Amino acid sequence: MSNLFEEIKDKLKDANLSIVLPEGTDERIIEAALKLKEDGIIQPIVIGSKNDLEHTGLTVIDPNSYEEMDELVQVFMELRKGRETEEQARELLKHVNYLGTMLVYTKRAHGLVSGAAHTTAETVRPALQIIKTKPGISKASGAFIMVKDDLRFVFADCALTIAPTSEDLAEIAVESAKTALAFGITPKVAMLSFSTKGSAKSKETEKVVNATAIAKSMAPEIVIEGELQFDASIVPAIAAKKAPGAAVQGDATVFVFPSLEAGNIGYKIAERLGGFEAIGPILQGLNAPVNDLSRGCSAEDVYKLAYITAAQALI
Ligand SMILES: CC(C)(COP(=O)(O)OP(=O)(O)OC[C@H]1O[C@@H](n2cnc3c(N)ncnc32)[C@H](O)[C@@H]1OP(=O)(O)O)[C@@H](O)C(=O)NCCC(=O)NCCS
Ligand SMILES: CC(=O)OP(=O)(O)O
């Protein structure tokens, strides 16, 4: 993965991109912003108090004195088509995540990383309302790149859709395969379940069976297999027993979890017990890159996610 970051930095060298970090009151954010500034590859823009942050030498936007706030309020009201009054819009844009998201929407910044001090809902709701999903994508989803030594996997959805339908899971599978490709991972997608190839039958397993069929029809060029238990997706000998002839033979690289419960719990177990580094959640399917952090993140996580976010802006 260290190579991946070197590759990313190399690609970004002449791109002149800026990433907004709305949580200027969090020490981890400031530490990461200073490191990004020192690298000189992407420009961090921190939202916070100019007085408190003056000594850092960082580019700071202060919601209380931002000279372009009136313009942002007008743009926000236009895009929200009268859902908020001007007073409500002004109030919302005092929230750092709304202001940061508007900076991205109006192309004053190329991407946003937040969530060290906010919940996922507080971080992503402005992006869902303002930046919205790409044409043809019905729901955004959140993937993690899981890294340990030379192993790299994509786990999804670990962040957004609480109870995905078969259609949602299929879309998550295709988007996750694209995320894998974008970060140098050859996608082999496992649609996870507690059943392998009909070993159990229930509405939950049927949902994954249907999702697999839909995903295959959406992207016949991608290797997608399901329904698979985790062991059958990652251990060749178990795949040979439980799923002989399946397109994935213990060599899956992209794991699509059947619900947010499974995905969020699964990535944290791999991270905290399995010793994997969890980079993300990387939001997939949005019109511009906005990425959430776990509140348990380190300054290093913020720093790395800022590079990943900038790399998404180039895709
Ligand atoms: C993602 C989440 C915040 C959206 O919830 P919400 O804001 O209550 O959703 P709402 O139904 O009010 O929708 C708000 C807007 O977002 C849009 N939206 C909601 N979910 C979306 C999705 N997955 N993709 C794209 N847009 C979505 C809605 O269409 C709506 O847009 P509009 O205002 O333009 O009509 C919610 O599903 C959630 O809390 N998920 C779990 C997050 C979490 O805690 N994850 C674990 C830690 S990572
Ligand atoms: C991604 C995630 O689980 O975020 P948090 O730990 O902040 O809830």
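Residues numbered from 1 in each chain as written. Chains lettered and ligands numbered in written order. Predicted model: local features only at pLDDT ≥ 70, side-chain atom pairs only at ≥ 80, totals over all residues. Heavy atoms only, no water.

For the record, the criterion: UniProt positions are given in the numbering used here, feature names are shortened, and annotations may be inferred rather than shown by experiment.
The chain has the name Phosphate acetyltransferase in an unreviewed UniProt entry, where Psychrobacillus insolitus is given as its organism. Under the Sequence similarities (unreviewed entry) heading, UniProt states for the chain: "Belongs to the phosphate acetyltransferase and butyryltransferase family." Taken verbatim from the UniProt record of the chain, the Pathway (unreviewed entry) comment is "Metabolic intermediate biosynthesis; acetyl-CoA biosynthesis; acetyl-CoA from acetate: step 2/2."

## Remarks on the site of ligand 1
Quick reminder of the rule: Near is defined per residue: the residue qualifies when any heavy atom it owns lies within 4 Å of the molecule or strand. Throughout this description, a polar contact denotes any pair of N or O atoms lying within 3.5 Å of each other; where both atoms belong to protein, one of them has to be capable of donating a hydrogen while the other can accept it, and for residues adjacent in sequence the pair is counted only when both atoms sit in side chains. Using the Shrake-Rupley algorithm and a 1.4 Å probe, accessible areas are obtained, with residue cover drawn only from the displayed protein chains. Secondary structure elements are taken from DSSP: a helix is a run of H or I of four residues or more, a strand is a run of E of two residues or more, and numbering for both begins at the N terminus. Lys, Arg, Asp and Glu make up the charged group, whereas Ala, Val, Leu, Ile, Met, Phe, Trp, Tyr, Cys and Pro make up the nonpolar group; the residues left over, Gly among them, are polar.
Around ligand 1 there are 18 residues in total, and Thr120, Arg125, Lys132, Ala140 and Ala159 lie nearest to it. In this structure, an oxygen atom belonging to ligand 1 sits 3.2 Å away from a side-chain N or O atom of arginine 80. Within the side chain of lysine 132, one N or O atom sits 3.0 Å away from an oxygen atom of ligand 1. Protein chains shield 62% of the accessible area of ligand 1, which is 930 Å² for the free molecule. Residue assignment for the shell around ligand 1 shows that the elements contributing at least two residues are helix H7 (120–131) and helix H12 (260–272). The element best represented in the shell around ligand 1 is H7, accounting for five residues. Taken together, the residues of the shell around ligand 1 break down into eight nonpolar, five polar and five charged.

## With respect to the packing of aromatic side chains
For clarity, the cut-off: Put simply, two rings from Phe, Tyr or Trp (the six-membered ring, in Trp's case) pair if the centres are within 6.5 Å, and we call them stacked under 30 degrees between planes, edge-to-face over 60, tilted for the rest. Only protein chains enter the accessibility calculation, which uses a 1.4 Å probe. A residue is then buried if its area is under 20% of the maximum for its type, exposed if over 50%, and partly exposed in between.
Overall, the coordinates contain eight aromatic pairs when judged by the stated rule. For the ring pair phenylalanine 144 and tyrosine 267, a centre distance of 3.7 Å and an interplane angle of 20° mean the geometry is stacked. Of this pair, phenylalanine 144 sits in strand E5 (residues 141–148) while tyrosine 267 sits in helix H12; the two residues are 123 residues apart in sequence, bridging distant segments of the chain. For the pair phenylalanine 144 and tyrosine 267, a shared accessibility class is recorded, and that class is buried.

## Topic: the environment of tyrosine 303
Examined against the element boundaries, tyrosine 303 turns out to sit in helix H13 (residues 299–314). Considered as a pair, tyrosine 303 and alanine 240 are 63 residues apart in the sequence and their alpha carbons are 41 Å apart.

## Remarks on the site of ligand 2
Surrounding ligand 2, one finds Thr120, Phe144, Asn264, Tyr267, Lys268, Pro281, Leu293, Ser294 and Arg295. Take asparagine 264: an N or O atom from its side chain is 3.0 Å from an oxygen atom of ligand 2. Lysine 268 is positioned with one of its side-chain polar atoms (N or O) 2.9 Å from an oxygen atom of ligand 2. Burial of ligand 2 by the protein chains amounts to 87% of its free accessible area of 260 Å². When residues of the shell around ligand 2 are assigned to their parent elements, the largest contribution, three residues, is made by H12. Its residues placed into classes, the shell around ligand 2 shows four nonpolar, three polar and two charged.

## Focus: the packing of helix H6 (residues 96–105) against H7
Threshold: Between N-to-C directions, angles cover 0 to 180 degrees, with each direction set by a line fitted to C-alpha atoms, over the stretch in contact for helices. Crossing handedness: left-handed means the near helix sits turned counterclockwise from the far one by under a right angle, and right-handed means the same turn made clockwise. Here, two residues are considered to be in contact whenever any of their heavy atoms come within 4.5 Å of each other.
The contact between H6 and H7 brings their axes to 9 Å, and the two run at 35°. Our pair here, H6 against H7, has a crossing hand that is right-handed. In this structure, H6 uses Asn97, Tyr98, Thr101, Met102, Val104 and Tyr105 to contact H7, whose residues at the interface are Glu122, Thr123, Arg125, Pro126, Ala127, Gln129, Ile130 and Ile131. Broken down by class, the residue content of the contact of H6 with H7 amounts to eight nonpolar, four polar and two charged.

## As for the side chain of serine 193
In this structure, serine 193 sits in the loop between strand E7 (188–192) and helix H9 (203–218). Within the local environment of serine 193, its side chain forms a polar contact with the backbone nitrogen of serine 195, the two atoms lying 3.1 Å apart. Apart from residues no more than four positions distant in its own chain, serine 193 is found in contact with Thr205, Val208, Glu227, Leu228, Gln229 and Phe230.

## Quick look at the pattern of salt bridges
This is how the line gets drawn: We define a salt bridge as a side-chain nitrogen of Lys or Arg found within 4 Å of a carboxyl oxygen belonging to Asp or Glu.
Within the structure shown, the criterion is met by 19 salt bridges. Among the ionic pairs, lysine 35 bridges to glutamate 300, the shortest N-O distance being 2.9 Å. Residue lysine 35 is located in helix H2 (residues 27–39), and its partner glutamate 300 is located in helix H13; the two are separated by 265 residues in the primary sequence. Glutamate 86 serves as the salt-bridge partner of arginine 90, at 2.9 Å between the closest nitrogen and oxygen.

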